Amino acid sequence: MRTLLLAAAAACLAACSNAALPQTASAEPAARAEPAENEAIAVFAGGCFWCIEAELEEVPGVRTVVSGYTGGTTPDPTYQRMGDHAEAVEVIYDPAVVSYDQLLEVFWSNIDPTDEGGQFYDRGSQYRTAIYVLDDAQAAAARASLEANAKRLKQPIATAVVPASEFYPAEEYHQDYYLKEPDRYEAYKKGSRREETLKKVWQTE
């Protein structure tokens, strides 16, 4: 019985949907970041936005990553009322330092693109994977990378390539969650078996 209780507790910690509101953080939507003239935007949905944000913020040439909601029709979504949107991130980057193709590779390496039902522990359409493209060049690059990874994995890819729609920044407490709540974030990563799953999918050590 004790083992079952411990397993249940770990499962609760593992869910992105069980985010705790830090006492010092705001539940108001974060401010929308604006790109400079020399910068561009990329939008990705890769399951729980905490992890995708954390990985992409480490990429040289990326100025900021904003967690949010997109891909649906529900007006003014929130974490508690997401509707048909997906958790996603908006990346502002300098194309002179990092290319869109390079960002795509970082994105692919941090998701299981064969999973139709969500990502890792998090299940449901709000955790679907998608590349939201802003123009024809992004669409062509995204489709080419999808085809290349389908050949690499020799499996159907569930990740969609779709036109970008309105992006809604998530509540302030979700931004940089891995920095604000490092213990909870690490518990989520470990409990969700994210790293083990990615190694298995991409056959990396």
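Going by the structure above, here's the rest.
Residues numbered from 1 in each chain as written. Predicted model: local features only at pLDDT ≥ 70, side-chain atom pairs only at ≥ 80, totals over all residues. Heavy atoms only, no water.

## Brief notes about the pattern of salt bridges
Put simply, the rule reads: By definition, a salt bridge exists where a carboxyl oxygen of Asp or Glu is found within 4 Å of a side-chain nitrogen of Lys or Arg. Think of it in three bands: residues with accessible area under 20% of the maximum for their type are buried, residues over 50% are exposed, and the middle band is partly exposed, with areas taken using a 1.4 Å probe on protein chains only.
With the rule as written, the count across this model stands at seven salt bridges. Taking the shortest distance from any N to any O, the salt bridge between Lys 180 and Glu 172 comes out at 3.5 Å. Residue Arg 184 pairs with Glu 181 through a salt bridge whose shortest N-O separation is 3.6 Å. Of the residues examined, Arg 184 reaches a relative accessible area of 37% and is grouped as partly exposed.

## Let's talk about helix 7 (residues 194-202)
Short version of the rule: Labels follow the DSSP assignment, with helices taken as runs of H or I lasting at least four residues and strands as runs of E lasting at least two, numbered in each case from the N terminus. Arc, as used here, means the arc of the directions from the helix axis to the C-beta atoms. Here a residue-residue contact requires only that any non-hydrogen atoms of the pair lie within 4.5 Å.
For helix 7, the complete set of buried residues consists of Arg 194, Leu 198, Val 201 and Trp 202. The buried residues of helix 7 occupy an angular sector of 80° when the element is viewed end-on, so they sit on one face. Among the structural elements, helix 2 (49-56), helix 3 (100-109), helix 4 (136-153) and helix 6 (182-191) are those in contact with the buried residues of helix 7. Following helix 7 by one or two positions, Gln 203 has its phi on the positive side, about 55°.

## Remarks on the packing of helix 2 against helix 6
We apply this condition: The convention used is that axes are lines fitted to C-alpha atoms, helices contributing only their stretch in contact, and that angles between N-to-C directions extend from 0 to 180 degrees. Here roughly perpendicular refers to angles of 65 to 115 degrees, roughly parallel to angles under 35, roughly antiparallel to angles over 145, and oblique to all remaining angles. Classification convention: Asp, Glu, Lys, Arg as charged; Ala, Val, Leu, Ile, Met, Phe, Trp, Tyr, Cys, Pro as nonpolar; all other residues, Gly among them, as polar.
Running from amino to carboxyl end, helix 2 crosses helix 6 at an angle of 105°, the nearest separation of the two axes being 11 Å. As judged from the angle between their axes, helix 2 and helix 6 are roughly perpendicular. Together, Trp 50, Cys 51, Ala 54 and Glu 55 of helix 2 and Tyr 185, Tyr 188 and Lys 189 of helix 6 make up the contact between the two elements. Looking at the contact of helix 2 with helix 6, its residues break down into five nonpolar, no polar and two charged.

## Let's talk about the environment of Ile 92
Locating Ile 92 in the fold gives a position in strand 3 (residues 86-93). Remark: the alpha-carbon pair of Ile 92 and Glu 39, spanning 53 residues in sequence, is separated by 6.5 Å.

## Observations concerning the environment of Ala 170
Summarising the element assignment, Ala 170 is placed in the loop between strand 8 (168-169) and helix 5 (177-180). A C-alpha to C-alpha distance of 6.8 Å links Ala 170 and Thr 78, two positions 92 residues apart in sequence. Ignoring anything within four residues of it in the chain, the contact list for Ala 170 reads Glu 28, Pro 29, Ala 30, Phe 49, Ser 67, Gly 68, Tyr 69 and Gln 175.

## Regarding the packing of aromatic side chains
Spelled out, the test is: Only centres within 6.5 Å qualify two rings of Phe, Tyr or Trp (six-membered ring in Trp) as a pair; their planes then separate them into stacked at under 30 degrees, edge-to-face at over 60, and tilted for everything else.
Inspection of every chain in the model, using the stated rule, returns eight aromatic pairs. Site record: aromatic cluster; members linked through ring pairs are Phe 44, Tyr 100, Phe 107 and Trp 108.

## Observations regarding the packing of helix 3 against helix 4
Axis angle and axis distance: for two packed helices, these are the angle between their axes and the distance between the axes, and together they describe the pair. Stated formally: In a left-handed crossing the near helix is turned counterclockwise from the far helix by less than a right angle, and in a right-handed crossing that turn is clockwise.
Where helix 3 contacts helix 4, the two axes come as close as 10 Å, and the packing angle between them is 40°. With respect to helix 4, the axis of helix 3 lies oblique. The way helix 3 lies across helix 4 gives a crossing that is right-handed. In this structure, helix 3 uses Tyr 100, Asp 101, Leu 104, Glu 105 and Trp 108 to contact helix 4, whose residues at the interface are Gln 138, Ala 141, Ala 142, Ser 145, Leu 146 and Asn 149.

Taken by themselves, the reported measurements are silent on function.
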